[in-house]
Amino acid sequence: MSQTPTIFALSSGAPPAGVGVIRVSGPRAGEALSALAGRMPAPRRASLAKLRDGTGALLDEALVLWFPGPNTATGEDLAEFHCHGGRAVIAAVEAALAALPGLRRAEPGEFTRRAFANGRIDLAEAEGLGDLLSAETELQRAAALANAGGALSRQVETWRDKVLGLSAEVEGVLDFSDEEDSADLPECFTWNIAALADELREWLARPRSERLGEGFRVVLAGPPNAGKSTLFNALVESEAAITSPIAGTTRDVIERSVAIGGVPFTFVDTAGLREDAKADAIEAIGIDRARSELVRADLVLWLGPEGEGPVDAWEIAAQADREGFVPKPSARFTLSATTGEGVGLLKSALVDRARDALPKPGEAALNARQHARLTEAAEALEGAGTLSDPLLVAEELRRARLAFDRLIGRATTEDMLDTLFGRFCIGK
């Protein structure tokens, strides 16, 4: 432990700010606190102290806190300096800490990595914390908070315990077969393993957490001058796309990510779709890209002739304010993006549709790595359910347990950890 470096970093927002919190973690955190504050405060109680550097010069008057390990955020001795949040104050306190022996500045994510290494959090909780730090919408926050709080980890532990129970049944059969001529697994064993595999498949069918980061993808499509760009601007509430009566004004795909009602969206404006020879080479490229976007879309808003849009597209009768407007009998929404008529109703419907397609508020959601590990576990269980040889069944159950261990970080690699914790800011 004495060889473990003690790290420090600003853990609050970038200065200037009202308060700047500098966190110190490691075996010399207590020494650092005593050196700057001149004394050791009572554990876990805020105390006012004058901070001085090695020459005795006054740095700041701040609240200091002392958290002796291992019951701390990092599992180590930990100290905090709640200083005034000016740039000069923060720089001076950090310089005084850097001058102390055995202390160095923390690397990105190093506090959280130590919490993981010391068993304070597991890998799934660490990933949830990373998502929480980058959350920009209410849905992202709720899903990340569920994972950071251990919702997924607790579920994985429950599954793992069930697999351990199944493995114990298999081992009992194998022990019995050493003494008798033959032994078979009980009939209920197959039912139990199938039920567990089905439960994992239900989780795998849920929307993935990446959908929250990317947002529900809505593509506006139709022929030139159908009102796509005007509606796009109304939906994202900015003049992101150029609008004009000239056909072919939009030449390329334009994307904007926004939150509506706490739900993340990515709206996509596309070039007008037409087959005639009037499109020049650049517009033709834009049309090809527009067709590609139709495939990627979670939902297409079709502003063209009725019935000519993609399957499952929403028929939109746009430009209702224009002279000569032709209604669509089957239009889901009739609106004018210029006057705002019907746009609010469309937004509300989009929020409802997106909520059905995205992870539910507060529900733990799997990321790509977790999904892959859970798929491995499900495949191992399904494989075990098709076998009759207890030795082979035991091996498949071992594979399932290993997949669960890898999911929550009991078995992992340094490269993967470097990538994960590198996403975090320096003070986390």
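Preceding this paragraph is the structure being described.
Rules of the game
- Residues numbered from 1 in each chain as written.
- Predicted model: local features only at pLDDT ≥ 70, side-chain atom pairs only at ≥ 80, totals over all residues.
- Heavy atoms only, no water.
- Helix = DSSP H or I, 4+ residues; strand = E, 2+ residues; numbered from the N terminus.
- Pairing = 2+ DSSP bridges.
- 1 Å grid on protein atoms, 1.4 Å probe; cavity = no way out; pocket = protein on both sides within 12 Å on 5 of 7 lines; lining within 4 Å.
- Points joined across faces, edges and corners; volume = space filled by probe spheres on them.
- Nonpolar A, V, L, I, M, F, W, Y, C, P; charged D, E, K, R; others polar.
- Axes fitted to C-alpha atoms, helices over the stretch in contact; angles between N-to-C directions.
- Parallel < 35°, antiparallel > 145°, perpendicular 65-115°, else oblique.
- Left-handed = near helix turned anticlockwise from the far one by under 90°.
- Contact = heavy atoms within 4.5 Å.
- Phe/Tyr/Trp six-rings, centres within 6.5 Å; stacked < 30°, edge-to-face > 60°.
- Buried < 20%, exposed > 50% of the residue type's maximum accessible area, 1.4 Å probe, protein only.
- Polar contact = N/O pair within 3.5 Å; in protein donor to acceptor, adjacent residues only side chain to side chain.
- Expected span 1.5 Å × (residues − 1).

**Student:** How would you summarise the environment of Leu 58 if you had to cite specific residues and measurements?
**Tutor:** With respect to the helices and strands, Leu 58 occurs in strand β4 (residues 58-67). In sequence terms Leu 58 and Leu 36 are 22 residues apart; their C-alpha atoms lie 9.4 Å from each other.

**Student:** Report on the sheet that holds strand β11 (residues 314-317), specifying residues and quantitative values.
**Tutor:** The strand order β8-β9-β7-β10-β11-β12 describes an open sheet built from six strands, whose pairing is mixed. The sheet is open, and its two edges are formed by β8 (254-260) and β12 (333-334), each paired on a single side. Direction of pairing for β11 relative to β12: parallel, over a ladder of two bridges. The residue bridging Ala 317 from the neighbouring strand is Thr 334, located in β12.

**Student:** Could you give me a rundown of the layout of surface pockets, with the residues and numbers involved?
**Tutor:** Of the pockets and cavities examined, the second largest pocket occupies roughly 260 Å³. What lines the second largest pocket is a set of 13 residues, and nearest its centre among them are Asp 131, Ser 209, Glu 210, Leu 212 and Gly 213. Listed by contribution, the elements that provide at least two residues to the lining of the second largest pocket are α4 (123-134), α5 (138-148) and α8 (210-214). By residue number, the principal contributor to the lining of the second largest pocket is α5, which donates four residues. Of the residues belonging to the lining of the second largest pocket, the class tally is four nonpolar, six polar and three charged.

**Student:** I'd like a rundown of the packing of helix α9 (residues 228-236) against helix α11 (residues 343-357), residues and numbers included.
**Tutor:** Where α9 contacts α11, the two axes come as close as 11 Å, and the packing angle between them is 70°. Between α9 and α11, the angle falls in the class roughly perpendicular. Viewed along their axes, α9 and α11 form a crossing whose handedness is right-handed. On α11, the residues that touch Leu 231, Ala 234 and Leu 235 of α9 are Val 343, Leu 346, Lys 347 and Leu 350. Taken together, the residues that form the contact of α9 with α11 break down as six nonpolar, no polar and one charged.

**Student:** Describe the packing of aromatic side chains, listing the residues and the values that go with them.
**Tutor:** Scanning the entire structure with this criterion turns up five aromatic pairs. Judged by centre distance (5.3 Å) and plane angle (85°), the rings of Trp 159 and Trp 203 are edge-to-face. Here Trp 159, found in helix α6 (residues 151-179), pairs with Trp 203, found in helix α7 (residues 187-204); they are 44 residues apart in sequence, far enough to count as distant. Pair check on accessibility: Trp 159 and Trp 203 agree, each one buried. With 5.9 Å between their ring centres and 40° between their planes, Trp 314 and Phe 333 make a pair best called tilted.

**Student:** For unusual backbone geometry, give the residues involved together with the corresponding values.
**Tutor:** Here the residue pair Pro 15 and Pro 16 is connected by a cis peptide bond, since its omega of 0° sits within 30 degrees of zero. With respect to the helices and strands, Pro 16 occurs in the loop between β1 (6-10) and β2 (17-25). Residue Pro 70 is bonded to the preceding Gly 69 through a cis peptide linkage, with omega at 5°. Phi is positive for Asn 225, close to 60°, though the residue is something other than glycine. Along the chain, Asn 225 turns up in the loop between β7 (216-221) and α9. Using a relative accessible area of 35% as the deciding quantity, one classes Asn 225 as partly exposed. Of note in the backbone geometry, Asp 312 takes a positive phi value of approximately 70° without being a glycine. For Asp 312, the location among the structural elements is in the loop between β10 (299-302) and β11.

**Student:** Help me get a handle on the side chain of Ser 25, residues and values and all.
**Tutor:** Along the chain, Ser 25 falls in strand β2. Polar contacts involving the side chain of Ser 25 include one to the side chain of Glu 76, which spans 2.6 Å. Apart from residues no more than four positions distant in its own chain, Ser 25 is found in contact with Pro 5, Thr 6, Ile 7, Thr 74, Glu 76, Asp 77, Leu 78, Phe 111 and Arg 114.

**Student:** Can you tell me about helix α3 (residues 110-117), naming the residues and giving the values?
**Tutor:** For α3, the tally of buried residues reaches six of eight residues, placing the bulk of the element in the interior. All buried positions along α3 are accounted for by Glu 110, Phe 111, Thr 112, Arg 114, Ala 115 and Phe 116. Gly 119 sits one or two positions beyond α3 and adopts a positive phi of about 75°.

**Student:** Provide a residue-level description of the sheet that holds β1, including the pertinent values.
**Tutor:** Spatial strand order, β3-β4-β5-β2-β1-β6: six strands in an open sheet with mixed pairing. Each end of this open sheet is capped by a strand with a single partner; those strands are β3 (47-52) and β6 (103-105). In this sheet, neighbouring strand axes are inclined to one another by 30° on average, regardless of whether the strands run parallel or antiparallel. The sheet strands contacting helix α1 (residues 29-37) are β1, β2, β3, β4, β5 (78-85) and β6, and the helix crosses β3 at an angle near 80°. Against the sheet, helix α2 (residues 87-98) makes contact with β1, β2, β3, β4, β5 and β6, and its axis sits at roughly 150° relative to β5, the strand it touches most.

**Student:** How would you summarise helix α13 (residues 390-408) if you had to cite specific residues and measurements?
**Tutor:** For α13, with 19 residues, the first-to-last C-alpha span of 27 Å sits near the 27 Å given by 1.5 Å per residue. Three or more residues of α13 are buried, namely Pro 390, Val 393, Ala 394, Glu 396, Leu 397, Ala 400, Arg 401, Ala 403, Phe 404, Asp 405, Leu 407 and Ile 408. Looking at where α13 begins, the residue whose side-chain oxygen comes 2.9 Å from the main-chain nitrogen of Leu 391 is Asp 389. Immediately beyond the C-terminal end of α13, within one or two residues, lies Gly 409, with a positive phi of roughly 100°.

**Student:** Hey, could you go over the pairing of β2 for me, with residue numbers and the actual values?
**Tutor:** Strand direction decides the pairing type here: β1 and β2, joined by four bridges, are antiparallel. Paired with Ile 7 across the two strands is Ser 25, which belongs to β2. The turn linking β1 back onto β2 is made up of six residues. Strand direction decides the pairing type here: β2 and β5, joined by eight bridges, are antiparallel. When the sheet's bridge partners are listed, Val 19 is paired in β5 with His 84.

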